[in-house]
Amino acid sequence: MFDLSQAAPRAAKLTALGIGVALLATACGGSSTPSQTGSSSAASAGIACPAPSAGAGAGNSQAATNTGPVPPSTTTTATPLKIGSLLPTTGSLAFLGPPEIAGVNLGIKEVNDAGGVLGAPVTVTHRDSGDTKTDIATQSTTALLGQGVSAIIGAASSGVSKTVINQITGAGVVHFSPANTSPDFTTWDDKGLYWRTAPSDVLQGKVLGNYMATCGAQTVGMIVLNDAYGTGLQKNVKAAFEAAGGKVVAEELFNEGDSQFSSQVDKVIAAKPDAIALITFDQAKSIVPLITGKGIKPTQLFMVDGNTSDYSKDFQAGTLKGAQGTIPGTFAKDAFKQQLLAIDPALKDYSYAGESYDAVNLIALAAEAAKSTKGTDIAAKLKDVSEVGEKCNNFASCVTLLRNGKDIDYDGQSGPVTFSDAGDPTEAYIGIYEYQDDNTYKPVREEFGKL
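Residues numbered from 1 in each chain as written. Predicted model: local features only at pLDDT ≥ 70, side-chain atom pairs only at ≥ 80, totals over all residues. Heavy atoms only, no water.

> Just to check I follow, could you spell out the nonpolar core for this structure?
Burial of nonpolar side chains together is a common tendency in soluble globular proteins. Counting 64 residues, the largest nonpolar core has Ile291, Phe302 and Leu320 as the members making the most contacts within it. Among the elements that take part in this core, helix α4 (residues 201-214) stands out by supplying seven residues, more than any other. Residues within four places of Ile291 in sequence aside, it is in contact with Ile223, Val265, Ile269, Ile276, Leu278, Ile296 and Leu301. Listed in part, the 48 residues of the second largest apolar core include Leu81, Ala102, Val417 and Phe419. (Core = buried A, V, L, I, M, F, W, Y, C linked by side-chain atoms within 4.5 Å. Buried < 20%, exposed > 50% of the residue type's maximum accessible area, 1.4 Å probe, protein only. Helix = DSSP H or I, 4+ residues; strand = E, 2+ residues; numbered from the N terminus. Contact = heavy atoms within 4.5 Å.)

Now the structure itself:
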């Protein structure tokens, strides 16, 4: 357990951030001693992770509150709420686009099924974010702002968001990411308009660093994407692992757009680490075969949200069996998956779908609370609808309470949502997943932390 410092007001911009991690159904405790309670994979190089939590990832999502008919809005708007999305359909994070877009579309559908916002249907326009190798995000943002959107959901990549955040917030529009995890956004001069449902990598880094130590690793090598996401997560993983008594023996960087990784792989393997952390995007498709081809076992590999994906069509069976990865957010439960599949039957991954769905609901509810579809008015109410009120978990139940004069506390598919003054979640789950013989992954445990 680590000490937790409270988030400072946005004006103070959080000069420091501590974190407490409360572990759920796991033996993780920051020790470098391997667990004796079982292993989720064959022991290798001293790696023996705790056995999976009972029922991890099983069951249904929390049932939606039954409120009956949604009362009509007492305030109507001549300017219907328009939302844009800036999510990846091309580039190194394209695998995250489908679940995020499905989450947005499901949220929009449910809002409109409940009568829309302030008496009018909500519309959404989707645009590609690309990645940092292109200027697609800037072009897409310009197009969305030209359509008069009040909020833009995206980007997935922290590096991409950095290229457009000033453009979006400078226009008085809410910039709301479901997947940005760089700690840099906590202190960004965003005029109170930047928000996210994904927790800062202070949390994911703390969980992953501690988890590798709990699995018995005493030394770790890291291959890291040299951008805001990669180096920010690297810093926090390293700090946690070393605080748990381990040593980082190699840290090799590469740049977005690189296609050759042999040098980085060779240098990391030469350091003979017990475990290797891959902090990458889809470059893992090239890096993993290089590592396993050198005799490193998949049970020594630890991945992150940028690359924990379905590799069933990319690698031979067994290539990743026993490798593990972390993804912020609670596990997508069965009922929510079925709802998403009704939106997009081709979905293979569910990463950040809940955070995207929650972003739509929070924006819509903040507009209702503000009785306005203006971006700055919506931003002023986002924190209010996330805390200190009657609990509710979908648009229909929450907007019913609002229209009946109640304060609400929205908690959604990504887990509990309570914003700091800086627009960050103050609490979140991190899911840990293990790869199977077919190179797909399944949930093995969840860890909960407060920021």
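Next comes the rest of the account.
> What is the right way to read helix α1 (residues 97-113) from this model?
Along an α-helix, residues three or four positions apart point the same way, because every turn accommodates 3.6 residues. In this model, α1 (17 residues) spans 24 Å end to end at C-alpha, consistent with the 24 Å of a helix rising 1.5 Å per residue. Of all 17 residues making up α1, twelve are buried, and the element is well covered by its neighbours. Taken together, the buried positions of α1 are occupied by Gly97, Pro99, Glu100, Ile101, Ala102, Gly103, Val104, Leu106, Gly107, Ile108, Glu110 and Val111. The inward-facing, buried residues of α1 abut β2 (82-87), β3 (123-128), β4 (151-154), α8 (334-343), α9 (353-370) and α11 (395-403). Positioned one or two residues after α1, Gly115 has a phi angle of 105 degrees, which is positive. (Expected span 1.5 Å × (residues − 1).)

> Sorry, what's going on with the sheet that holds β2 here?
Two modes of strand pairing occur in sheets, parallel and antiparallel, and in both the strands are linked by backbone hydrogen bonds. Across the sheet, five strands lie side by side as β3-β2-β4-β5-β6; this open sheet has parallel pairing. Unpaired on one side and paired on the other, β3 and β6 (194-196) mark the two borders of the sheet. Pairs of neighbouring strands in the sheet enclose a mean axial angle of 20 degrees, with direction left out of account. When β2 meets β3, the two strands line up parallel, connected through six bridges. Bridge pairing links Leu87 to Asp128 in β3. Sheet strands touched by helix α3 (residues 158-170): β2, β4, β5 (174-177) and β6. Its angle to β5, the strand with the most contacts, is close to 150 degrees. Here helix α10 (residues 375-382) sits on the sheet and contacts β5 and β6; the angle it forms with β5, its principal contact strand, is near 50 degrees. (Pairing = 2+ DSSP bridges. Axes fitted to C-alpha atoms, helices over the stretch in contact; angles between N-to-C directions.)

> What should I look at first to understand unusual backbone geometry in this one?
With glycine set apart, most residues show a phi of negative sign, and most peptide bonds adopt trans. The step from Gly154 to Ala155 runs through a cis peptide bond, and the omega angle for that step is -5 degrees. Turning to its location among the elements, Ala155 is positioned in the loop between β4 and α3. A positive phi angle, near 65 degrees, is found at Tyr352, a position not held by glycine. Take Tyr352: it is sitting in the loop between α8 and α9. In the Ramachandran plot, Asn439 falls in the positive-phi region, its phi being about 65 degrees despite a non-glycine side chain. Along the chain, Asn439 turns up in the loop between β14 (427-435) and β15 (441-450). For Asn439, a relative accessible area of 0% translates into the label buried.

> Sorry, what's going on with the packing of α1 against α9 here?
How two helices sit against one another is set out by the angle between their axes and by the gap between those axes. Interaxial distance between α1 and α9 falls to 7 Å at its minimum, and their mutual angle equals 35 degrees. Here α1 and α9 pass one another in a crossing that is right-handed. Residue-level inspection shows Pro99, Glu100, Gly103, Val104, Leu106, Gly107, Ile108, Glu110 and Val111 of α1 in contact with α9, the latter providing Ala353, Ser356, Tyr357, Val360, Asn361 and Ala364. Residue composition of the contact of α1 with α9, grouped by class: nine nonpolar, four polar and two charged. (Left-handed = near helix turned anticlockwise from the far one by under 90°. Nonpolar A, V, L, I, M, F, W, Y, C, P; charged D, E, K, R; others polar.)

> Would you mind going over the pattern of salt bridges with me for this structure?
Working definition: two side chains of opposite charge can pair if their charged atoms are close together. Under the counting rule described, the total for this entry stands at 15 salt bridges. Among the salt bridges present, the one from Lys162 reaches Asp184, with a minimum N-O distance of 2.4 Å. Of this pair, Lys162 sits in helix α3 while Asp184 sits in the loop between β5 and β6, and the two are 22 residues apart along the sequence. A relative accessible area of 35% places Asp184 in the partly exposed class. Counted as one network, the salt bridges with shared partners bring together Asp131, Lys133 and Glu256. (Salt bridge = Lys/Arg side-chain N within 4 Å of Asp/Glu carboxyl O.)

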